[in-house]
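# Working through the structure, step by step
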There are 2 protein chains.
Amino acid sequence: MDTDLARERILDAAEDLFYARGIQAVGMDAVRDAAGVTLRRMYQLFPSKGDLVEAYLARRDARWLDSLATHVDTVGPTAQARVLAVFDWLEDWFARPDFHGCAFINSFGELAGTSPQVTAAARHHKDAFHAYLHQLTTAAGATAATGAQIALLAEGAMTTAAISGTPAPARHAKAAALNLLTLDARPVASPA
Amino acid sequence: MDTDLARERILDAAEDLFYARGIQAVGMDAVRDAAGVTLRRMYQLFPSKGDLVEAYLARRDARWLDSLATHVDTVGPTAQARVLAVFDWLEDWFARPDFHGCAFINSFGELAGTSPQVTAAARHHKDAFHAYLHQLTTAAGATAATGAQIALLAEGAMTTAAISGTPAPARHAKAAALNLLTLDARPVASPA
DNA sequence: CGAAGGTGAGAACGGCCGTTCTCGCCCTGC
DNA sequence: GCAGGGCGAGAACGGCCGTTCTCACCTTCG
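Sequence order as written defines the numbering, with residues in each chain counted from 1. Lettering of chains starts at A and numbering of ligands starts at 1, both following the order in which they are written. Reporting in this predicted model follows two pLDDT cut-offs: at least 70 for local features of residues, and 80 or more for side-chain atom pairs to be given and counted; totals over whole chains, interfaces and linings ignore these cut-offs and use all residues. Only hydrogens and water are set aside; all other atoms, that is, all heavy atoms of the structure, feed into the side-chain values.

## Points about the environment of Arg21 of chain A
- Starting at the N terminus, helices and strands are each numbered in turn, a helix being any DSSP run of H or I of at least four residues and a strand any DSSP run of E of at least two. As for its position among the elements, Arg21 of chain A is in helix α1 (residues 3-21).
- Relative accessibility decides the category of a residue: with a 1.4 Å probe and only protein chains considered, values under 20% of the type maximum give buried, values over 50% give exposed, and everything between is partly exposed. With relative accessibility at 38%, the residue Arg21 of chain A sits in the partly exposed group.
- Placed 79 residues apart in sequence, Arg21 of chain A and His100 of chain A show a C-alpha to C-alpha distance of 9.2 Å.
- Pairs of residues are marked as contacts when any of their non-hydrogen atoms sit within 4.5 Å. Beyond its immediate stretch of four places on either side in the chain, Arg21 of chain A contacts Val26 of chain A together with Glu110, Gly113 and Thr114 of chain B.

Structure (structure tokens):
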């Protein structure tokens, strides 16, 4: 089998399993079975489980942000609509049957106490996501503070959707984001 | 040693270790060493590690909410101030050197895929927290939707503070919560 | 005093997991 | 045709972990 193909099948299997069951709960044997490659091959491509975990997180980070940006681009150039589109995309994600929360929040919760690499991967992913949101909100005329607040709404929606098991938090977050954006563009009336 | 005292020492040790390093990363031997009791005694009081984990989460849930409510009560009866006090309390928590995120989000991320008990504990804790926030926000004249939005801000602040390692998200969340509350009480001016 | 049951300390057991090794096979290059 | 090196499949190894057992001791009650 081609090396690149093996690599991809291993990462596909690792992502499915790590995301669904947690990293520590999945043994290398389970990844091997799901990937259909030999253990020897896996250790040639990923010398340790930690390397596989890092590759899993790195690929998921890139794909997740790409998918989000692609969706945002489908709504056109209107800046406020682009911000709100983030929450529609989140709602679609939350409603998927295999949704299990944010992989980075999950692996941070599982391994931050023991793995600096996982901690760094989570931080990197969230930094990138927040930077992207900052860019979208700034384009919509919001302040940096509003951008940070909208990021908190998105993060809160992820954990609440995961734990509650419903996609509704995405809509609540979207409504709140709209309010915050509107406030920025159009301050409240002064007291009567 | 008294049974109640042993129970408490075991739970104290378990909480310190599980919260700091994650549940799966901490063996029963480590809890025994930290608690200063014998393994036999631990298994008399908690017949399995799963029982210990459940007891850890149950006690933390109760204490966490009690601590929050106690703080909120110190600010007096003004409804809006009581809502905002939640975020001050969160900021204090985030700034503590041993802060490591929300124990329930962490254990959910670590064990939701394999333990229905942990999933239920996380859901129960978040339901209780959101119900408390709903009560506070309703008292401040906000709609249920605004209450849910403020809950998302609090959740987002927890994960963002944990991963970024700074308490700043509490202040951003507080500012956003104030905006949302104000908006509820005093709608934006209609378009010119 | 003596039997009995509980306790402390730690060893032991069974199983799992990350990692490496063995062995037989195939495929390549002369 | 044949030596040799890489590959697939799975066994093996070392270590860890949850749980239970052993055994000597101590206490307690008749």
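The rest of the description comes next.
## Notes on the protein's contact with DNA strand D
- Around DNA strand D, the neighbouring residues are Thr38, Arg40, Arg41 and Gln44 of chain A together with Val26, Gly27, Met28, Leu39, Arg40, Tyr43, Ser48 and Lys49 of chain B.
- Near-protein atoms of DNA strand D (within 4 Å) split between backbone and bases, with sugar and phosphate holding 54%.
- Here Met28 of chain B contributes a backbone N or O atom positioned 2.6 Å from a phosphate oxygen of DNA strand D.
- Within the side chain of Lys49 of chain B, an N or O atom sits 2.5 Å from a phosphate oxygen of DNA strand D.
- Those elements that provide at least two residues to the surface near DNA strand D are α3 (39-45) of chain A together with α3 (39-45) of chain B.
- Gly falls in the polar group here, along with every residue not listed as nonpolar (Ala, Val, Leu, Ile, Met, Phe, Trp, Tyr, Cys, Pro) or charged (Asp, Glu, Lys, Arg). A per-class count over the surface near DNA strand D returns four nonpolar, four polar and four charged. Neighbouring residues are identified by heavy atoms, a residue being near a molecule or strand if any of them is within 4 Å of it. Counted as a polar contact is a pair of N or O atoms within 3.5 Å, where, for protein atoms, one must be capable of donating a hydrogen and the other of accepting one, and residues adjacent in sequence contribute only when both atoms are in side chains.

## Section: the domain arrangement of chain A
All names here are of chain A.
- Throughout the structure description, domain borders are defined by an automatic or database domain assignment. According to the domain assignment, chain A contains domain 1 (1-47) and domain 2 (53-185).
- With centres defined by C-alpha atoms, the gap from domain 1 to domain 2 works out at 27 Å.
- In this assembly, 12 residues from domain 1 lie in contact with 16 residues from domain 2.
- Taken over both partners, the interface formed by domain 1 and domain 2 buries close to 1,200 Å², and the fraction arising from carbon and sulfur atoms is 57%.
- What counts as buried area is the accessible surface, traced by a 1.4 Å probe, that two parts surrender upon association, with contributions from both included. Summed over the three residues of domain 1 that lose the most area to domain 2, namely Glu15, Tyr19 and Ile23, the buried surface amounts to 58% of that side.
- Within this document, salt bridges are pairs made up of a side-chain nitrogen of Lys or Arg and a carboxyl oxygen of Asp or Glu, the two lying within 4 Å of each other. Taken together, the links from domain 1 to domain 2 amount to three salt bridges.
- Residue Arg59 pairs with Asp12 through a salt bridge whose shortest N-O separation is 2.8 Å.
- Scanning the region where domain 1 abuts domain 2 turns up seven residue pairs in polar contact (both at pLDDT 80 or more).

## Quick notes on the protein's contact with DNA strand C
- Close to DNA strand C lie Val26, Gly27, Met28, Leu39, Arg40, Tyr43, Ser48 and Lys49 of chain A together with Thr38, Arg40, Arg41 and Gln44 of chain B.
- For DNA strand C, the backbone makes up 63% of the atoms found within 4 Å of the protein, where backbone means sugar plus phosphate.
- Gln44 of chain B has a polar side-chain atom sitting 3.5 Å from a phosphate oxygen of DNA strand C.
- Elements with a contribution of two residues or more to the surface near DNA strand C: α3 of chain A together with α3 of chain B.
- Taken together, the residues of the surface near DNA strand C sort by class into four nonpolar, four polar and four charged.

## Concerning the interface of chain B and chain A
- Opposite the 40 residues of chain B that make contact, chain A presents 40 residues.
- Taking both partners together, chain B and chain A bury about 3,600 Å²; carbon and sulfur atoms supply 71% of that area.
- The tally of links from chain B across to chain A stands at zero salt bridges.
- Taken together, the links from chain B to chain A amount to two residue pairs in polar contact (both at pLDDT 80 or more).
- Contributions of two or more residues to the side of chain B that touches chain A are made by α1 (3-21), α6 (103-111), α7 (116-139), α8 (144-164) and α9 (168-185) of chain B.
- Class assignment of the residues belonging to the side of chain B that touches chain A gives a composition of 20 nonpolar, 14 polar and six charged.

## Description of the packing of helix α9 (residues 168-185) of chain A against α8 of chain B
- At their nearest, the axes of α9 of chain A and α8 of chain B sit 9 Å apart, and the two run at 95° to each other. As judged from the angle between their axes, α9 of chain A and α8 of chain B are roughly perpendicular. Contacts between α9 of chain A and α8 of chain B involve Pro169, His172, Ala173, Ala175, Ala176 and Asn179 of chain A from the former and Ala148, Gln149 and Leu152 of chain B from the latter.
- Taken together, the residues of the contact of α9 of chain A with α8 of chain B sort by class into six nonpolar, three polar and no charged. Axes here refer to lines fitted to C-alpha atoms; in helices the fit is confined to the stretch in contact. Angles between the N-to-C directions go from 0 to 180 degrees. Angular relationships are summarised with four words: roughly parallel below 35 degrees, roughly antiparallel beyond 145, roughly perpendicular across 65 to 115, and oblique for the angles in between.

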